[in-house]
Amino acid sequence: GIQVEQSPPDLILQEGANSTLRCNFSDSVNNLQWFHQNPWGQLINLFYIPSGTKQNGRLSATTVATERYSLLYISSSQTTDSGVYFCAVETYNTDKLIFGTGTRLQVFP
Amino acid sequence: DAGVIQSTRHEVTEMGQEVTLRCKPISGHDYLFWYRQTMMRGLELLIYFNNNVPIDDSGMPEDRFSAKMPNASFSTLKIQPSEPRDSAVYFCASSLSRGGGYTFGSGTRLTVV
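As the structure is a computational prediction, the values presented were derived from the model and not from experiment.

Cut-offs used in this document
Chains are numbered independently. Their residues run from 1 in the order of the written sequence. Ligands are numbered from 1 and chains lettered from A, in the order in which they are written. Restriction of local features to residues with pLDDT of at least 70 applies here, the model being predicted, together with a cutoff of 80 or more for giving and counting side-chain atom pairs; totals for whole chains, interfaces and linings are based on all residues. As a rule here, side-chain values come from all non-hydrogen atoms in the structure, and water together with hydrogens is ignored. Strands are runs of DSSP state E lasting at least 2 residues, helices are runs of H or I lasting at least 4, and numbering of each runs from the N terminus. For this analysis, residues touch if any pair of their heavy atoms sits within 4.5 Å. Strands pair, by our definition, only if DSSP identifies at least two bridges between them. In this analysis, axes come from line fits to C-alpha atoms, helices being fitted only over the stretch in contact, and the angle between any two N-to-C directions falls in the range 0 to 180 degrees. As defined here, a cavity is a set of points on a 1 Å grid over the protein atoms alone where a 1.4 Å probe fits but cannot get out. A pocket is an open set with protein on both sides within 12 Å along at least five of seven lines, and residues line them when an atom is within 4 Å of a point. Grid points are joined across faces, edges and corners, and a volume is the space filled by probe spheres set on the points. Three labels apply to residues, based on accessible area from a 1.4 Å probe with only protein chains included: buried if under 20% of the type maximum, exposed if over 50%, partly exposed otherwise in between. Summed over both partners, the accessible area (1.4 Å probe) lost when two parts come together is defined as the buried area. By convention in these notes, a salt bridge is any Lys or Arg side-chain nitrogen within 4 Å of a carboxyl oxygen on Asp or Glu.

Peer 1: Now, about the side chain of Ser70 of chain A: what can you tell me, with residues and values included?
Peer 2: Residue position: Ser70 of chain A is located in strand 8 (residues 69-74). Setting aside anything within four residues of it in sequence, one finds Ser70 of chain A in contact with Leu21, Arg22, Cys23, Phe25, Leu32, Trp34, Thr62 and Thr63 of chain A.

Peer 1: Describe the sheet that holds strand 6 (residues 52-56) of chain A, naming the residues involved and giving the relevant values.
Peer 2: All names here are of chain A. With antiparallel pairing, 5 strands are arranged side by side in an open sheet as 1-3-8-7-6. Looking at the sheet topology across the chains shown, the edges are occupied by strand 1 (4-7) and strand 6. For this sheet the average axis-to-axis angle between neighbouring strands, irrespective of direction, equals 15 degrees. Bridge analysis of strand 1 against strand 3 (residues 19-25) gives 4 bridges, and the strand direction is antiparallel. Residue Ser7 lies in a different strand from strand 3, and its bridge partner there is Arg22.

Peer 1: Which residues make up the layout of surface pockets, and what values go with them?
Peer 2: Empty space within the largest pocket amounts to approximately 840 Å³. Residue lining of the largest pocket: 39 residues in total, with Gln37, Phe86 and Arg104 of chain A together with Gln37 and Met39 of chain B positioned closest to the centre. It is strand 11 (residues 103-108) of chain A that contributes the most residues to the lining of the largest pocket, 4 residues altogether. Volume-wise, the second largest pocket comes out at about 350 Å³. Considering the residues around the second largest pocket, the lining is formed by 19 residues, among which Gly1, Ile2, Lys96, Leu97 and Ile98 of chain A are closest to the centre.

Peer 1: How would you summarise the environment of Thr8 of chain B if you had to cite specific residues and measurements?
Peer 2: Residue and element names in this part refer to chain B. Mapped onto the secondary structure, Thr8 falls in the segment before strand 1 (10-13). In sequence terms Thr8 and Arg109 are 101 residues apart; their C-alpha atoms lie 8.3 Å from each other. In contact with Thr8, not counting residues within four places along its chain, are Gly107 and Thr108.

Peer 1: Give me the lowdown on the pairing of strand 8 of chain A, citing residues and values where you can.
Peer 2: All names here are of chain A. Burial runs high along strand 8: 5 of the 6 residues are buried. Looking at chain direction, strand 3 and strand 8 are connected through 6 bridges and run antiparallel. Among the inter-strand pairings, Leu21 is bridged to a residue of strand 8, identified as Leu72. When strand 7 (residues 59-64) meets strand 8, the two strands line up antiparallel, connected through 6 bridges. Note on strand 8: the bridge partner recorded for Thr63 is Ser70. Between strand 7 and strand 8, which pair antiparallel and follow one another directly, the connecting turn spans 4 residues, one of which, Arg68, has a positive phi of 60 degrees.

Peer 1: Could you give an account of the sheet that holds strand 7 (residues 74-79) of chain B, with specific residues and numbers?
Peer 2: Residue and element names in this part refer to chain B. The 3 strands lie next to each other as 2-7-6, forming an open sheet whose pairing is antiparallel. Looking at which strands have only one partner, the edges of the open sheet turn out to be strand 2 (19-23) and strand 6 (65-71). Across the sheet, the mean angle from the axis of one strand to that of its neighbour is 20 degrees, orientation sign disregarded. Both strand 2 and strand 7 contribute to a ladder of 5 bridges, which runs antiparallel. Within the sheet, the bridge partner assigned to Leu21 lies in strand 7 and is Leu77.

Peer 1: Describe the interface of chain A and chain B, and please don't skip the residues or the numbers.
Peer 2: Accessible area lost upon the coming together of the parts serves often as the stated size of an interface. With 20 residues of chain A in contact, the opposing surface of chain B contributes 17 residues. Here chain A and chain B share an interface that buries about 1,600 Å² over both sides, 49% of which is from carbon and sulfur atoms. When residues of chain A are sorted by the area they lose upon contact with chain B, Leu43, Asp95 and Lys96 of chain A head the list and together hold 38% of the total. Inspection of the region where chain A meets chain B yields 1 salt bridge. Among the elements of the structure, strand 4 (29-37), strand 5 (43-48) and strand 9 (83-91) of chain A are those that each provide at least two residues to the side of chain A that touches chain B. By residue number, the principal contributor to the side of chain A that touches chain B is strand 4 of chain A, which donates 5 residues.

Right under this line is the structure:
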């Protein structure tokens, strides 16, 4: 099956810093989503981005489907950005969204 | 829109007992997914439905697990008998269409003692 690798596994930032999270996948995909799991366990959909670039406030994401990677940018990080960020992908021949192992982000004041 | 509803946030049961988890998807969403999250295995897809029909249950760990979707607004995941290793957070999610964005419920944390 498809492999989804996220890096770095852990990230510690001071409030106000910028960061880039990476997601590599091993096969062509027709669906790629970024999720944030907050410290209370809720999974929030950040972006649906099988290709191209999107921005939502301080967050933006870029997927280069031909090179099989996606990037999530967090600018001016805040303590509320803490949690785990997951990349999840779906291939053309399935309806299943497969999750990566996540990047754990801690933002300190 | 109330989102995907998993009304039980925490469930504690004794080993050997039957436990049923419940989910109400977003109205109009054709796809419903059950995921399990553990520290060791991360987020795993257990089963998913399209238009109330189970499509792929290859992620269901063993025969003790079963899932149903009797109508478009309700699904259950049942474990019988439950075992301590079933302790995990179980998420339900729904999607409007194939390849579309997923919305997750708040999850049910199951503890089997």
